[in-house]
Every structure is written in C-alpha cells, then in structure tokens.
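Fold and contact review
Listed here are the chains, written in short residue letters.
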Amino acid sequence: MKSAVIVFPAANCDRDAATALEQMTGKKTQMVWHQDSELPDVDLVVLPGGFSYGDYLRCGAMASQSKIMGAIKQHAEKGGAVLAVCNGFQIATEAGLLPGALMRNAGLKFVCKPVALKVEETQSAFTRKYNQGQTVTFPVAHGEGNYYADDATLDRLEGEGRVMFRYQNNPNGSARDIAGILSEKRNVLGMMPHPERVVDPLTGGIDGRAMFQGLIETLS
Amino acid sequence: MTDITPQLIREHGLSDEEYDRIKRLLNRDANLVELGVFSVMWSEHCSYKSTRVHLKKLPTKAPWVIQGPGENAGVIDIGDGDAAIFKMESHNHPSFIEPYQGAATGVGGIMRDVFTMGARPIAMMNALRFGEPNHPKTRYLVSGVVSGIGGYGNCMGVPTVGGEVNFHKSYNGNILVNAMCVGLARTDKIFKAGAKGAGNPVVYIGSKTGRDGIHGATMASAEFDDASEEKRPTVQVGDPFTEKLLLEACLELMATDAIIAIQDMGAAGLTSSSAEMADKGGSGIELELDQVPQRELNMTAYEMLLSESQERMLAVLKPGREAEARRIFEKWELDFAVIGVTTDTGRFVVKHKGKVEADIPVKALSDEAPVYERPYKERAPENAAVSYDKKRNVLASLEQIVGLPDMCSRRWVWEQYDNSVMNDTVQHPGGDAAVVRVHGSKKALAITTDVSPRYCRPDPKEGGKQAVAEAWRNLTAVGATPLAVTDNLNYGNPQKPEIMWQIVAGIDGIGEACRALDFPVIGGNCSLYNETNGEGILPTPAIGGVGLLKDVSKMATLAFKRENDVVILIGETKGHLGQSIYLREIEGKEEGSAPKVDLAMEKKNGDFVRGLIEAGRVDTVHDVSDGGVLTAIAEMAIKSGIGASVGQAEIADAIGFWFGEDQARYVIAAPFTEAENIVAQARAAYIFVAELGKTGGDALTIDDRENVKLAKLRATHEAWFPRFMAGEEIPLTN
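Residues numbered from 1 in each chain as written. Chains lettered and ligands numbered in written order. Predicted model: local features only at pLDDT ≥ 70, side-chain atom pairs only at ≥ 80, totals over all residues.

Secondary structure summary: chain A contains 5 helices and 11 strands in total. In terms of overall size, chain A behaves like a compact globule, its C-alpha atoms giving a radius of gyration of 15 Å where 220 residues would be expected to give roughly 17 Å. Dimensions of chain A along its principal axes, counting C-alpha atoms only, are 40 × 35 × 35 Å. Split into buried and exposed, the 220 residues of chain A put 56% on the buried side. For chain A, the proportion of contacts with a sequence separation of at least 24, taken over those separated by at least 6, is 74%. (Helix = DSSP H or I, 4+ residues; strand = E, 2+ residues; numbered from the N terminus. Rg over C-alpha atoms; globule rule 2.2 N^0.38 Å. Buried ≥ 20, exposed ≤ 12 C-beta atoms within 10 Å, placed from the backbone. Contact = placed C-beta atoms within 7 Å.)

Structure representation (structure tokens):
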C-alpha cells in the first residue's frame, strides 16, 4: 500500500500518521504540501489531526479550501481511500467529503484521554480486521469533536451501515455517540479518535493496528 | 525632546543612582528611547541584578553538559549524538492579570527559547501555584491558566506531560505559572545567540510588531497592588498558529548552514534580542526600524524597541544567504525582513526615519548593568516541636488526605492537555516523572518539576535542598539517571532583607544538593517581586529535572502490577511531621521544622533503587513525599486497582510512621523471591529497609485490623477537582 499524508499549516499529527504508516507498511510515506495541486500515485491519503490554520474561522474551514483539496476530492471520487482523523475529520466535513459537522465539545473543554469505542461495522477496508461489536481503546484529543447532523442524515448513516465507531462513554456530546463515519462509497473514513496513536504497546496500546492491516490487505 | 525628569526615571523602574550611572556610561543625558532601552535591559527580569552574585555559586558543569546557563536554554549530551535542550521560565505576573493569555504566552515563550537553539520541542511541563480554593478569584485563575496552557501547547502539537498544581493562601494575590519545555537536537546542530563578525545581515522573522506588551519586563519586576489589573493591556496575546509555523520554518532554515546566530524576541523584545546577540558575539549592531514589519500605524522607535509582540525571532545570517532564508519563511507565510547589520563598533545603534534614536555601548546594557549585593537578614530555621493527637484514626485521616486540594487527582487539569501527540509519551501525567521516548530509539527522557514551598518558608536552605532531592528522586523512581536541572526561583521583593535571605539561603541549598547529587544547573529564571500589597509568596524555587533512561522497556511505574507482591519501604523513617501535609491539613498547623535532607543517604538509597530497576528486578516504585508512606501506598493501589495489606514498622508512633515526611524514601513492590533478595541486599549495604506487607484484594488494610475499600479511596481522590471547578462549595473536611 502506498500512502501520503497531507501537511497543512499547523497540522501536528502529520508526523505521527507517517510514523504509524511506515511502521505498519514498511514503506516510506509521502508528505504532500497543502499548496501542491496534485497527489502522488498513492492508495491511501491521510488528512491528519492538528490545528490547521490555528482553527481560526472554524475548525477545518480554511484547510478545506487548500489547493490540494481538489486532487483529494478527485482521488475520493475515483474510489481512493481517505483516512481523516480529528482535524482531518473536521476538514473532510467542511470539504463535503463526509456529511455533518463537528461542533464544540459539550463540556466546552479540550479533552485528551483514552476512550472505549465499539466497532459497529466491519464492512470496510478500515474495519474489516476488527470484529463486529468489539471494544477498542483509542485516545481522543480535541476541543471540537461533537458530531452533529440532522436526524434524516443520521438515520441514513445508520441505515446504510456507515456509523463505524461509537463511543461507549460519550466524551464530547456527539449525536448518537458517533465517533467515526464512512462516506457513501465506503472509501472515506472520518473519526475523532486517533488510530495512529495506538500502534505501539509502549505509547498507548495496539488497538489501531488492525485498521492499518485492513487497509494494507485491501489496497496492496 | 522629552526632558528626563526624576518622575520619568521612576516610571521606568530605575532609581536616581541608576540614572546617574546611565549618564556616566553615555557621557551625556539619555533621550527617552534610550531611557526605555535601559529600563528593560536593567530590569530585574533581564539583568538578574539582585541574584547574579548568588547564582554564580551554583554548580553548572559536568562531562555531559554541553551548554550551561547564559544561552536561551541549557543543553546536555544524551548519547548517540543526541542532545536534550531544556529550560523553565515563569509567567507569573501576566497570568495573574490575564490568566489565559498570560499562561499561553508563557508556554509560547519557553518553547521559542528551546527551538531557537535548534531543538524540536518534545515535551512541556508546568508548575502552577494558586491561592486558597475559597478565594473568590481562584477558580477563574485555574480555569484560565489551564485552558491557556492547553490552548497554546495543544495547537503546537507538543505534548504537555505533567507538572504540579498547588494551592496556598500566600498566592492569593500572586499566582505562579512556571512552564518548562524540553527539546531534542543533534549535538552538532545547536544554535547560539552570539552574533560574531561585522557586516552580517540581521533578519527579523515571524509575526509583525504591534504595541502589545510594552514594558512587560518592567512590570514583571515590580510588586503588585490592587490597581494591577489596570496593567492588563501590557499582557501580550499569543498566536500558537504562527508559532507552529515559526517552529517549522526555523527548523527548516537550521537544516541549512546559513545562520550565524539566532535569538527569540522574548522579554524586552527587539531590544534585548539584538543587544544580547551583539554582546555575546562581541560585536555591535545597527538597526533600521523602518524595515521592521509593523502591525499598527505610526509606531515610534520607543514602541517598537519595547514591544513584546509574540512569535518573533531575530537571526544573523551569513552574507548572501538572505534570499534562501526568505524563500523558507515565505513558504510558511511568515514575515521576513532584513532590519540591520552587525558592526565592529561595539555599539547598539537604532535608526528610524533617518534619525539616530539610540546610540549606546553594548556593554552598558550587559556587563555594566548594576549588580547588587542586597543586604539580607539571616534567620535561624524554625525548629519548634510539634504536637498532635497520637490516637487519631489513621485510615480516616488517609481518606481525608487523598481528597485534599493539594493531594487529589489532577485529572481535571491534564485531560485538557494533549499529552499523547508525537506518539512518544511512555509515562503519562500522574506518575512520579513523565517519560518521553527519544523518537525512533529505545532511549527516553524522564522529566519532573518539584518544590515544597511549605518547607522553604521555615527553612529556605533545607527547602532548596529538598526541591532538588525530590526532583532527583522522582527521576530515579522511574528508573532514569538524573542528569541536570533548570531552576525557576520565585520569591518576593529582594529589597526586603528577610526576603533576600530566603533567596540567598535557597540558592545555597540548591547548590549544595546539586553538587552532592551530580545534578548541575544548566539554566533557569528568577521571578522576584512576587508580592501583593506588601505580602510575599511562600519562597518557591521550582526545580525542573531531566534524566535519561537508556532502555525505556525497563521503566518503572507507581501502580501495583500483581497480587501477592511484597511491599517494601526503602529509606529511614523517623516520623518527621513538622511542616507535613498531615500536620497542616489534619491538625491545622503550619509549624515545626522542615524535614532534613541527608544528601549522602539520598544518593545511596536512590542509586540502589535505580540499580534494581535497570537490572529489570523491580517494575513498581513510588517515591515517598507529600503525605508520607501510607499516602504513597494508597496512590499505588488507587492507580492499579490492586489493594494491599500493610503494617507499621520501625517506629512506635503510628501517625509519624504512616504520614511522616522523612526524605530519601521509596516504596517498591516485587514478587516474593525477588523481594527476599532485595531486602538482604539492602541490609548488606546498610540501607534502611522494611517489609510492610503484600499486595492484593480490593481494599487497603493496615495492621490486619482496619481497611478502606479502594473504590472509596479512588472516588475521594478523583472528586475534589471537578467538583471544585464546577463551582461547588466544598468544606475542606469531607
């Protein structure tokens, strides 16, 4: 699997994503500058976490207008895989790659802690290596991860099996405890918890490895 | 031209004698711009004029020290060509006036100190001290400071991995916000401030200059009164987004060889950065202020020189490398301007709109700054005997202690900090020391901040020693070899002889401990005048310690790991209750002597414990500090969910045994066979050792008689902070 991580100004999980990908794939990940207009030939694009543009205006709003986003939309339309984590999820909703929006946490504070997630669906490259209903622990680290969409959209997401992860103890007020959702074509995953932070037993656990293994098996 | 009147001189925080000295150095009167420049460069904050003669007594050298005090941060060699670069600095006064921005810019400032030397910041710590919980401003200040630290550090993508939070009435009108940053660089890529050579371009990079923070350094060198809130406009506003870009752009420029010298614009902004670079390089500097990127219209030379706008750096480049540097900064959408040149005149010259606004010998701003040997009034350490109810129930007191404002879980605080970004945090907040892996290696740095101000008040020297010893012990407890410290000395008004005594004795104690423990001071910061309406804070010399774990897989943590492990106490227990948490909180008395620190015993016991960890024989260790042995055991149980049954040893007084704060002690836990060997080995080495009991069950039991369920202890331990911050009035006795 060939992968690229997009570097937005003040993205700060770009290196973490690259480190995790390189550890899991054994291959170099390409870092792509936000002002580039083309993607290299890759199977997976990661929109990493961080504070692109300092979260000014609205989280993800400015990065969603970056030059590189055109190429990412084309990649997604052609069925290419996109993993959008944390700020990446915010960027993906702002760019229209995924429905809904991420609002300020219900507790009005930034929250960083490991959270238990229930794997809701295994029908995707991202989740195929997990078991349905399995509990995994990923860290969250965000101030604006409160997922919102109207009821019709939420019903549709649930009906189409596109709610991939749910919080067991909702840390941010997200509608229906939603932690991660999939695009209609099932190739774009957006989630607030950080899978790239759980690939090493020394630094928080290995529950994220199965996501990368699933991607590698599907996309290689 | 403005007349330099006595009133104007005083408004600039200078004495008449100091102004006479300025006139002698210039051979003429100063103009207003020059007066402003002198006022910041000669402020306590920038010149260390009250402490310099005493700071010189601190040990600063060791074979592994690459850079001691005097640069933006200290540097140590951690092997394999890697260097750790770190420093701690205060932002007390601004944080009291405007907690969010004060704390945020404190974080930003200390990060710049570290990355200006070529390091990528990898961890942040902070030592916070607030007034008593029932003071009407305390909640507001805690809330603002914590979100300010998080707001800045989280955006930078540098994990905030721990620190201290304490409450005491002496901080009611003057909180302390000390932030520490640790970074990593290669030993052959370390950047310094000395602008050697003439004719080299001086470049300005980062944010534009505005009118914010003018005279911040002078404000930080004065006492507070009730009108201090009117100084809110002198607090700067942070922009972590720009700082993140500045970090990446600087590291990109540093990967080239274009830089001769680089310095961040911190306190006293453009003035101190340019004057210090010229001073350290033995050169002169000439600035053209018309070239400075400006955010506001019609700024004067005075305003530009004294502005403390954030996220700015000054660099001296090799001639001809400007275009290459400009490309990097433009890529990151930052301002870049050539604003001057180095000279061989030894003078600090500032031009604006075709006029020379300042022309001062560089040495007048540095070496010629006044140095004071302020008088101090020596005071014998307090030594009164303490009295307490010897029959009071031990477990009932324990339950109270684990829920106290100073002792309860800080989860409410650290969950607002991203403590796992960068994917190298191996020990998260809540342990004895934070542990952060050196990226891509099996090495790790252990980091801690420590001081017990309640010991420093009755005995400033012993308190200084204790702060160093506790930092050393906390690093040891995770298995690290302690390497060096940064000190952040927070005291009151040095012009009062009794306060000056606290400073002199405190530095003396720190020096003695650092020498005995091979733990040199490689940098730091003094924050004086921490007084409001004439009332000083408790003397608070915070120590930030850094140690190295060669193999992070051997790291110890404080949580119990298994049932049926033997619980062992290392170190001598005499039952010292003077100035203890127990005496203060259970008996309501802040009295007695501070515990004595026996540095030889500290070293012997610590080296023994570290040896066990390094050999892979022990993985469960907790240092004994606030609240004594029983509190330490309770914390090990609460963290793990595994209980313990323990009994008293060594001395007859139960209160003294369980809650005494004798130094140089650790609680460890190990499986039975290993425990027998450890005890025998300790005895053979003449180290005090006692088997207290074993782990297991869901309760903490003492003397086979009484117990308390862990669930109850944990609930109490976790309850106070969130309840307090939610606005509940909580009686201090639960």
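Turning to the overall build of chain B, a few remarks are in order. Secondary structure summary: chain B contains 25 helices and 28 strands in total. What you see for chain B is a C-alpha radius of gyration of 26 Å, in line with the 27 Å of a compact globule of 734 residues. Counting only C-alpha atoms and orienting by the principal axes, one finds that chain B spans roughly 85 × 50 × 45 Å. For chain B, with 734 residues in total, the buried portion stands at 61%.

With that settled, the discussion passes to the nonpolar core. As a rule of thumb, nonpolar side chains are buried together in soluble globular proteins. Counting 311 residues, the largest nonpolar core has Val435, Ile447, Val468, Ile568 and Ile633 of chain B as its most contacted members. Dropping the residues within four chain positions of it, Val468 of chain B is found in contact with Val485, Ile510, Ala513, Cys514, Leu517, Phe519 and Ile543 of chain B. (Core = buried A, V, L, I, M, F, W, Y, C linked by C-beta atoms within 7 Å.)

Before going further, it helps to examine the interface of chain A and chain B. With 23 residues of chain A at the interface, the matching set in chain B holds 23 residues. Elements that contribute at least two residues to the side of chain A that touches chain B include exactly helix H1 (14–25), strand S6 (111–119) and strand S7 (135–142) of chain A. Looking at the side of chain A that touches chain B, the element that brings in the most residues is S6 of chain A, giving 3 residues.

What follows concerns the pairing of strand S3 (residues 44–47) of chain A. Looking down a regular strand, the side chains alternate between one sheet face and the other. Residue and element names in this part refer to chain A. Of the two faces of S3, the one lined by Leu44 and Val46 and the one lined by Val45 and Leu47 are each fully buried. Summarising the sheet, strand S1 (residues 3–7) and S3 pair through 3 bridges and their orientation is parallel. When the sheet's bridge partners are listed, Ala4 is paired in S3 with Val45. Examined bridge by bridge, S3 and strand S4 (residues 81–85) share 4 bridges and lie parallel to one another. Paired with Val46 across the two strands is Leu83, which belongs to S4. (Pairing = 2+ DSSP bridges.)

For the rest of this paragraph, the subject is unusual backbone geometry. Residue and element names in this part refer to chain B. Even without being a glycine, Asn27 presents a positive backbone phi close to 60°. The class for Asn27 is exposed, based on 7 C-beta atoms found within 10 Å. Positive phi is not limited to glycine here, since Asn423 has a value of about 60°. Asn423 sits in the buried class, given 24 other C-beta atoms within 10 Å.

We now examine the pairing of strand S4 (residues 120–130) of chain B. Residues and elements named next belong to chain B. Counted residue by residue, S4 has 10 buried out of 11 residues, so it is predominantly covered. Taken together, the 9 bridges between S4 and strand S6 (residues 176–186) define a ladder with antiparallel strand orientation. The partner of Pro121 across the bridge, within S6, is Gly183. In this structure, S4 lies alongside strand S5 (residues 160–167), joined through 7 bridges in parallel fashion. When the bridges of S5 are listed, Met125 appears paired with Gly162. Handedness of the crossover joining S4 and S5 through helix H8 (residues 138–156): right-handed. (Right-handed = clockwise from strand over helix to strand, strands pointing away.)

Residue and element names in this part refer to chain B. With 16 residues, helix H25 (residues 710–725) ought to run about 22 Å at 1.5 Å a step, and its terminal C-alpha atoms sit 24 Å apart, in line with that. Along H25, the sharpest kink reaches roughly 35°, centred on Ala719 and followed within four residues by the proline Pro722. For H25, the set of buried residues is Leu710, Leu713, Thr716, His717, Trp720 and Phe724. On its buried face, H25 sits against helix H15 (394–402), helix H22 (628–640), strand S27 (699–702) and strand S28 (706–709). (Expected span 1.5 Å × (residues − 1). Bend = angle between axes of the 7 residues up to and from the residue.)

All names here are of chain B. Taking strand neighbours across the sheet as the criterion, the 7 strands line up as S23-S25-S22-S26-S24-S27-S28 in an open arrangement whose pairing is mixed. The sheet terminates laterally at strand S23 (620–623) and S28, the two strands that pair on one side only. Between one strand axis and the next, the sheet turns through 20° on average, direction left out of account. As defined by bridge partners, strand S24 (residues 644–646) adjoins S27 across 3 bridges and the pair is classed as parallel. By the bridge assignment for S27, Ser645 is matched with Thr701. Seen against the sheet, helix H18 (residues 460–477) touches S23 and strand S25 (666–670) and runs at an angle of roughly 170° to S23. Here H22 sits on the sheet and contacts strand S22 (566–570), S23, S24, S25 and S27; the angle it forms with S25, its principal contact strand, is near 40°. (Axes fitted to C-alpha atoms, helices over the stretch in contact; angles between N-to-C directions.)

Moving on to the sheet that holds S5 of chain B. Strands in a sheet are paired, the pairing made by backbone hydrogen bonds, and the direction either parallel or antiparallel. Residues and elements named next belong to chain B. Across the sheet, which stays open at both edges, the 6 strands sit in the order S1-S2-S3-S6-S4-S5 with mixed pairing between neighbours. Edge positions in the open sheet fall to strand S1 (65–67) and S5, since each of these has one partner strand only. For this sheet, the mean angle separating the axes of adjacent strands, direction not counted, is 20°. Examined bridge by bridge, strand S2 (residues 74–77) and strand S3 (residues 82–90) share 4 bridges and lie antiparallel to one another. Residue pairing across strands places Ile76 opposite Ala84, the latter belonging to S3. The strands touched by H8 are S4, S5 and S6; relative to S4, the strand with the most contacts, the crossing angle is about 175°.

With that settled, consider the confidence of the model for chain B. Scored by pLDDT, chain B has a mean of 95; 97% of the residues are at 70 or more. In the model output, the complex is listed with pTM 0.96 alongside ipTM 0.96. (pLDDT = per-residue confidence, 0-100.)

Before going further, it helps to examine the environment of Phe608 of chain B. Residue and element names in this part refer to chain B. Tracing the chain through its elements places Phe608 in helix H21 (residues 599–614). C-alpha separation for the pair Phe608 and Ala104, spaced 504 residues apart in sequence, amounts to 40 Å. Phe608 has contacts with Ile570, Ala682, Ala685 and Ile687, leaving out every residue within four places of it along the chain.

Glancing now at the packing of H18 of chain B against H21 of chain B. In helix packing, the relevant descriptors are the interaxial angle and the interaxial distance, both defined with respect to the helix axes. All names here are of chain B. Running from amino to carboxyl end, H18 crosses H21 at an angle of 10°, the nearest separation of the two axes being 10 Å. As far as their axial angle goes, H21 and H18 are roughly parallel. On the side of H18, the interface is formed by Ala469, Trp472, Arg473 and Thr476, while H21 contributes Leu599, Glu602, Gly606, Val609 and Arg610. A class-by-class count of the residues in the contact of H18 with H21 yields 4 nonpolar, 2 polar and 3 charged. (Parallel < 35°, antiparallel > 145°, perpendicular 65-115°, else oblique. Nonpolar A, V, L, I, M, F, W, Y, C, P; charged D, E, K, R; others polar.)

Turning next to the environment of Tyr455 of chain B. Residue and element names in this part refer to chain B. Tracing the backbone shows Tyr455 in helix H17 (residues 453–456). By the C-beta count within 10 Å, which is 28 here, Tyr455 ends up buried. Taking the C-alpha atoms as reference points, Tyr455 and Phe130, 325 residues apart in sequence, are found 17 Å from one another. Each residue touching Tyr455, except ones within four places of it in the same chain, is listed here: Glu462, Gly463, Gln466, Gln579, Ala594 and Pro595.

Turning to helix H24 (residues 672–684) of chain B, a few remarks are in order. All names here are of chain B. In this model H24 runs 19 Å from its N-terminal to its C-terminal C-alpha over 13 residues, within 8% of the 18 Å that 1.5 Å per residue would give. Turning to H24, its buried residues number three or more, namely Ala675, Ile678 and Ala682. Angularly, the buried residues of H24 cover 60° about the axis, an arc narrow enough to put them on a single face. Turned more than 90 degrees away from the buried face of H24 sit Thr673, Ala680, Arg683 and Ala684, all of them exposed. (Arc of directions from axis to C-beta.)

Another aspect to go through is the packing of H15 of chain B against H22 of chain B. Residue and element names in this part refer to chain B. Contact pair H15 / H22: the axes reach a minimum separation of 10 Å and the direction vectors enclose 65°. The interaxial crossing formed by H15 with H22 has right-handed handedness. Between H15 and H22, the contacting residues are Val394, Leu398, Ile401 and Val402 on the first element and Leu630, Thr631 and Ala634 on the second. Split by residue class, the contact of H15 with H22 holds 6 nonpolar, 1 polar and no charged. (Left-handed = near helix turned anticlockwise from the far one by under 90°.)

This part takes up the environment of Leu445 of chain B. Residues and elements named next belong to chain B. Locating Leu445 in the fold gives a position in strand S16 (residues 444–450). Among the residues examined, Leu445 registers 29 C-beta atoms within 10 Å and is labelled buried. In this structure, the C-alpha to C-alpha distance between Leu445 and Gly547, residues 102 residues apart in sequence, is 5.7 Å. Not counting residues within four places of it along the chain, the set of residues in contact with Leu445 comprises Ala84, Val182, Val436, Val438, Val546 and Leu548.

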